[in-house]
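Summary of the model geometry
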Amino acid sequence: MQNTAGIPLLTPQLPDRVALQPYLERIDLSRHYSNFGPLVGELETRLASNFTARNNLPLQVVTVSSATAGLELALTSLDLPPGSRVLVPALTFVASLTAILRAGHLPVICDIDPHSWLLTPEIAEACIASSDAKAIIAVATFGQAQDTSHWHALQQKTGVKVVIDAAAAYGSQWLDTTNIPIVFSMHATKSLAAGEGGFVVTGNSEQRQMIKELSNFGINLNPDAQHPVGHLSYAGTNAKLSEYHAAVALASLDTWQQQADARQAIYHRYQHLLQSLCGESLIWQRGPLPAAPTTFSVRVGSDARRIKLEQLCAVQGIGTRRWYQPLLHQHAAKVGPIMHLPTPVAESVSADLIGLPFSPFLQDEQMRAVAANVQAVVSEIA
Ligand SMILES: Cc1ncc(COP(=O)(O)O)c(C=O)c1O
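The structure displayed is predicted, hence computed values, not measured ones. (Residues numbered from 1 in each chain as written. Predicted model: local features only at pLDDT ≥ 70, side-chain atom pairs only at ≥ 80, totals over all residues. Heavy atoms only, no water.)

Some words on the pairing of strand 5 (residues 161-165)
Most of strand 5 is tucked away, with four of its five residues classed as buried. One ladder, built from five bridges, connects strand 4 (residues 135-139) with strand 5; its direction is parallel. Residue pairing in the sheet places Ala-138 in a bridge with Ile-164 of strand 5. The handedness of the strand 4 to strand 5 crossover, carried by helix 6 (residues 148-158), is right-handed. Pairing analysis gives two bridges linking strand 5 to strand 6 (residues 182-185), with the strands arranged parallel. Note on strand 6: the bridge partner recorded for Ile-164 is Ile-182. (Buried < 20%, exposed > 50% of the residue type's maximum accessible area, 1.4 Å probe, protein only. Helix = DSSP H or I, 4+ residues; strand = E, 2+ residues; numbered from the N terminus. Pairing = 2+ DSSP bridges. Right-handed = clockwise from strand over helix to strand, strands pointing away.)

Quick notes on the domain arrangement of the protein
When its domains are assigned, the protein resolves into domain 1 (17-254) and domain 2 (256-380). Centre-to-centre separation of domain 1 and domain 2, based on C-alpha positions: 26 Å. If you look at the interface, domain 1 gives 42 residues, while domain 2 gives 38 residues. Summed over both partners, the interface of domain 1 with domain 2 buries about 3,400 Å², with 65% contributed by carbon and sulfur atoms. The largest contributions to the domain 1 side of the interface with domain 2 come from Ile-109, Trp-117 and Phe-142, which together make up 23% of the buried area. Summed over the shared surface of domain 1 and domain 2, the number is zero salt bridges. Per-element tally for the side of domain 1 that touches domain 2: the top contributor is strand 3 (residues 106-110), with five residues. Class assignment of the residues belonging to the side of domain 1 that touches domain 2 gives a composition of 24 nonpolar, 13 polar and five charged. (Domains from an automatic or database assignment. Contact = heavy atoms within 4.5 Å. Buried area = accessible area lost by both parts, 1.4 Å probe. Salt bridge = Lys/Arg side-chain N within 4 Å of Asp/Glu carboxyl O. Nonpolar A, V, L, I, M, F, W, Y, C, P; charged D, E, K, R; others polar.)

What about the pattern of salt bridges?
Any two side chains of opposite charge can pair, so long as their charged atoms come close to each other. One pass over the full model with this rule turns up eleven salt bridges. Between Asp-132 and Lys-134 there is a salt bridge whose closest N-O contact spans 2.8 Å.

Quick word on the state of the cysteines
Applying the stated rule across the entire model yields zero disulfides. The cysteine Cys-127 is free of any disulfide, with Cys-110 supplying the nearest cysteine sulfur at 4.4 Å. You can call Cys-127 buried: its relative accessible area is 10%. Looking at the unpaired Cys-313, the closest cysteine sulfur is the one in Cys-278, lying at 12 Å. (Disulfide = S-S within 2.5 Å.)

Re the site of the ligand
Around the ligand, a shell composed of 14 residues is seen, among which Ala-67, Thr-68, Asp-165, Ser-185 and Lys-190 lie nearest. The separation between an oxygen atom of the ligand and a polar main-chain atom of Ala-67 is 2.9 Å. Within the side chain of Asp-165, a nitrogen or oxygen atom sits 2.7 Å from a nitrogen atom of the ligand. Per-class residue counts for the shell around the ligand are six nonpolar, six polar and two charged. (Near = heavy atom within 4 Å. Polar contact = N/O pair within 3.5 Å; in protein donor to acceptor, adjacent residues only side chain to side chain.)

Focus on unusual backbone geometry
Cis geometry marks the peptide bond from Gln-325 to Pro-326; its omega dihedral reads 0°. Note that Pro-326 resides in the loop between helix 10 (303-315) and helix 11 (328-332). Not every positive phi belongs to a glycine, and Asp-79 is a case in point at roughly 60°. Along the chain, the position of Asp-79 falls in the loop between helix 3 (67-76) and strand 2 (85-89). Phi is positive for Tyr-324, close to 60°, though the residue is something other than glycine. By secondary structure assignment, the location of Tyr-324 is in the loop between helix 10 and helix 11.

A short note on the packing of helix 2 (residues 38-55) against helix 8 (residues 243-254)
The relative placement of two packed helices comes down to the angle between their axes together with the axis-to-axis distance. Where helix 2 meets helix 8, the closest approach of the two axes is 8 Å, and the angle between their N-to-C directions is 35°. Relative to helix 8, the crossing made by helix 2 is left-handed. Contacts between helix 2 and helix 8 involve Pro-38, Leu-39, Val-40, Glu-42, Leu-43, Arg-46, Leu-47 and Asn-50 from the former and Glu-243, Ala-246, Ala-247, Ala-249, Leu-250, Leu-253 and Asp-254 from the latter. (Axes fitted to C-alpha atoms, helices over the stretch in contact; angles between N-to-C directions. Left-handed = near helix turned anticlockwise from the far one by under 90°.)

Here it is as structure tokens:
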């Protein structure tokens, strides 16, 4: 009897209490629990040095309570006129949309590339002309990195500001320019997990300071500013990362490389198995494998196959999820005004895209059980 009964869609991997202990002891000693404490400072310094070392650029990090908050504050830091149009791809998590609305702007939902499933600078450039967009949220969809030098070139050419939503792309997404902020998530399901949390990487120290102040109610923290420290500079929010979350993030960072290698090895074996069983019937996101994948999505060729696969998996207790679906414009009508440009590629990708179980704990026999279901529907339904 195979041990495949019930395969969860995701199983988060967070540091255990032994790994957390040294950090928790430091919190006990310092009695500093939030408000930019020493662990938050250490986390920001460690992350910043990772990003700086990668491209030898002076990059800085500011932590926030989630990527969603980070996106909203990064957009606010662009200082756009209220109601500005902001491009966002149709295939992404809802937070990319809600951050635009909550920052007081108008989401302009646009299409993605048929191969990488990303909003690319080329697609965005065409959409700027038809929408008068003033900013862009480019998403590192499913952990696939965005090319920041191409986005930088577009920003220079058009004046349209770019923010990268790299929520699930820690380890894959780097920054090779100083004037584009990148937002990462440290949610429990992400590769650098703190339970909840996020951070923004930027090469612009004024932008970092503004995001930090916005995350602390908008209170001025800068003694060199025109008005006193402690007075409001902006209508901010409370999006600070607590010392406890920083402790978990630091412990995650200590073993990040081993975890990333394990995730990548499993992803690679799983994809290889499905390719060997189903060949050309499956369509994969094209591009380099993410450094630390967190989800596993594939196009199965038709909605009929997808429905059958979902049914087959459901009766066996195997989790599936249509990640990033419905598409943004299919949600948005209920929550706020949007502009919707034609999105034929996103519609076609979302017609047969399905997320299959994936975690660093996935066993080979579990992979085989999932793959057998995929093979069954692919061979049964033309
Ligand atoms: C593309 C994208 N953006 C934003 C988020 C939100 O991240 P958080 O949960 O840290 O707010 C997610 C979470 O899955 C995501 O996939």
